[in-house]
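Listed below, chain by chain, are the residues.
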Amino acid sequence: MGEESKKEDTSLVLPRPSIAALRPYSSARDEFTGQAEVYLDANENPFDNGKNRYPDPLARAVKERLSDLKGVPVANIMLGNGSDEVIDLLFRIFCEPGRDQVITLPPTYGMYRVSADINQVEVVEVPLLPGFQPNVDAILAQASHRTKILWLCTPNNPSGNDFAATDVRRLLDEFPGLVVIDEAYIDFATRDSYAKLLAQYPNLVVLQTFSKAWGLAGIRLGMAFAAERIIGLLNAVKPPYNVNQLTQRAALEALDHHQQQQRQVSEIRQERLRMSKALQDLPFVQEVYPSAANFLLVQVEQPRYWYNYLMEQGIIVRDRSTQYLCAGCLRFTVGTVAENDRLLAALTTANSSVA
Ligand SMILES: *Cc1c(COP(=O)(O)O)cnc(C)c1O
């Protein structure tokens, strides 16, 4: 038997009983999807202003474009009101409140914990190892029949690094629950998406977003790639019109101008390298961590001092110094050349005046 059959024998992660029994809402646009001349089925206002009709509940046009771009079949794509909506939906679908649990690997994206708390789901934290790589043995040792989801963020926020592929593969092979790989920063990395492995892993969910590389944080659009079974559950539980028409239009427009996104990503990557080198040369900078994302985690002496100083200069960065393994760390998003120059100028001037 080849790779394909690797996980076929393991039991699938089941949805909560109330979700398994759910009869989803059927909207007017679900019940009639063809083209007609007169629509009198959805109680819309008939006067055309370009926005008076309900949007396609499944955003089919956007998914078709994404399918071409990502090499993932339409049936394996779900779109959410940001990836944050998909994160919440996964908790609601798979985790019984007060009973089930999930694993996160701090320091990581804060929404996994917030969504867990909202859904009254216990979070088991298995901290990353120094170097910000997953502790695979400890993760597997923590997993029980109640552990429904493992949240892997790679490239990881706030550390910026990509997890070792061998670790990710071992977790995909051996973790008994759902493995969610949050690839919000994938476009700034150099590897392929783990969505390429969907056919081999029925319990894999890959999340991506229009909020970072696509420059569309304002439209709120997140993507989930997963087996059809999981996509079906996400579609059944999501609000019928969760991705509005303006968002669908903006996404199609951005997909038409994919080259512009690629140019911006390559400029941001160049700036990431330039900033990383320049920051390393500052005497109060202790470490600039390697980044596969559009930000740099930087360890400094007196992070609070620098945070406040930069704020006075009109530059807002993120203080991550209270996070696990992040003592002394600020997180700098990579900006435009002019913005990055301004950050460097502020840090350099202050340094010479303090010294
Ligand atoms: C920014 C970010 C997201 C994006 O969430 P959206 O709701 O799509 O804006 C998701 N995951 C991580 C790790 C992020 O840093």
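Residues numbered from 1 in each chain as written. Predicted model: local features only at pLDDT ≥ 70, side-chain atom pairs only at ≥ 80, totals over all residues. Heavy atoms only, no water.

If you walk through the whole model with that rule in mind, you get 12 aromatic pairs. A ring pair is formed by Tyr112 and Trp151, whose centres lie 4.9 Å apart and whose planes are at 20°; its orientation type is stacked. You can see Tyr112 sitting in helix α5 (residues 111-118) and its partner Trp151 sitting in strand β4 (residues 147-153), a full 39 residues away along the chain. Classification of Tyr112 by relative accessible area gives buried; the value is 0%. The class of Trp151 is buried, set by a relative accessible area of 1%. Measuring from centroid to centroid gives 5.1 Å for Tyr185 and Phe295, while their planes differ by 80°, and the two rings are edge-to-face. One end of the pair, Tyr185, is in the loop between β5 (178-182) and β6 (204-209); the other, Phe295, is in strand β9 (residues 295-300), and 110 residues separate them in sequence. Across the pair, Phe295 and Tyr185 agree in class, each one buried. Three or more aromatic residues joined by ring pairs form one cluster here, namely Phe91, Tyr109, Tyr112 and Trp151. (Phe/Tyr/Trp six-rings, centres within 6.5 Å; stacked < 30°, edge-to-face > 60°. Helix = DSSP H or I, 4+ residues; strand = E, 2+ residues; numbered from the N terminus. Buried < 20%, exposed > 50% of the residue type's maximum accessible area, 1.4 Å probe, protein only.)

A few words on the pairing of β6. Here β6 lies mainly inside the structure; 6 of its 6 residues are buried. Bridging between β5 and β6 involves 4 bridges; their strand directions are parallel. Residue pairing across strands places Val179 opposite Leu204, the latter belonging to β6. Here β6 pairs with strand β7 (residues 222-226) via 5 bridges, running antiparallel. Bridging from a neighbouring strand, Gln208 pairs with Met223 of β7. (Pairing = 2+ DSSP bridges.)

Across its 12 residues, helix α4 (residues 83-94) extends 17 Å between first and last C-alpha, which sits within 8% of the 16 Å expected from 1.5 Å per residue. Counted residue by residue, α4 has 10 buried out of 12 residues, so it is predominantly covered. Of all the positions in α4, only Ser83, Glu85, Val86, Ile87, Asp88, Leu89, Leu90, Phe91, Ile93 and Phe94 are classed as buried. (Expected span 1.5 Å × (residues − 1).)

Bringing the sheet that holds strand β11 (residues 329-333) into the picture now. One open sheet holds the 4 strands; their spatial order is β8-β9-β11-β10, and the pairing between them is antiparallel. Two strands close off the open sheet at either side, each with one partner strand: β8 (285-288) and β10 (318-319). The pairing of β10 with β11 spans 2 bridges and is antiparallel. Following the sheet pairing, Asp319 is matched in β11 by Leu330. Docked against the sheet, helix α11 (residues 303-312) engages β9, β10 and β11, running at close to 35° with respect to β11. (Contact = heavy atoms within 4.5 Å. Axes fitted to C-alpha atoms, helices over the stretch in contact; angles between N-to-C directions.)

With that out of the way, let us pick up the confidence of the model for the protein. Do not read the predicted coordinates in detail wherever pLDDT is low. In the predicted model, the protein carries a mean pLDDT of 95, and 95% of its residues have values of at least 70. Within the model, pLDDT remains below 50 along residues 1-9, and this stretch shows 11 contacts once partners closer than five positions in the same chain are excluded. (pLDDT = per-residue confidence, 0-100.)

Turning our eyes to something else, we now look at the pairing of β7. Among the 5 residues in β7, 5 count as buried, and that is most of the element. Burial along β7 is two-sided: the residues Gly222, Ala224 and Ala226 and Met223 and Phe225 are all buried. When strand β1 (residues 77-80) meets β7, the two strands line up antiparallel, connected through 4 bridges. In the strand pairing of β7, Gly80 is matched with Gly222.

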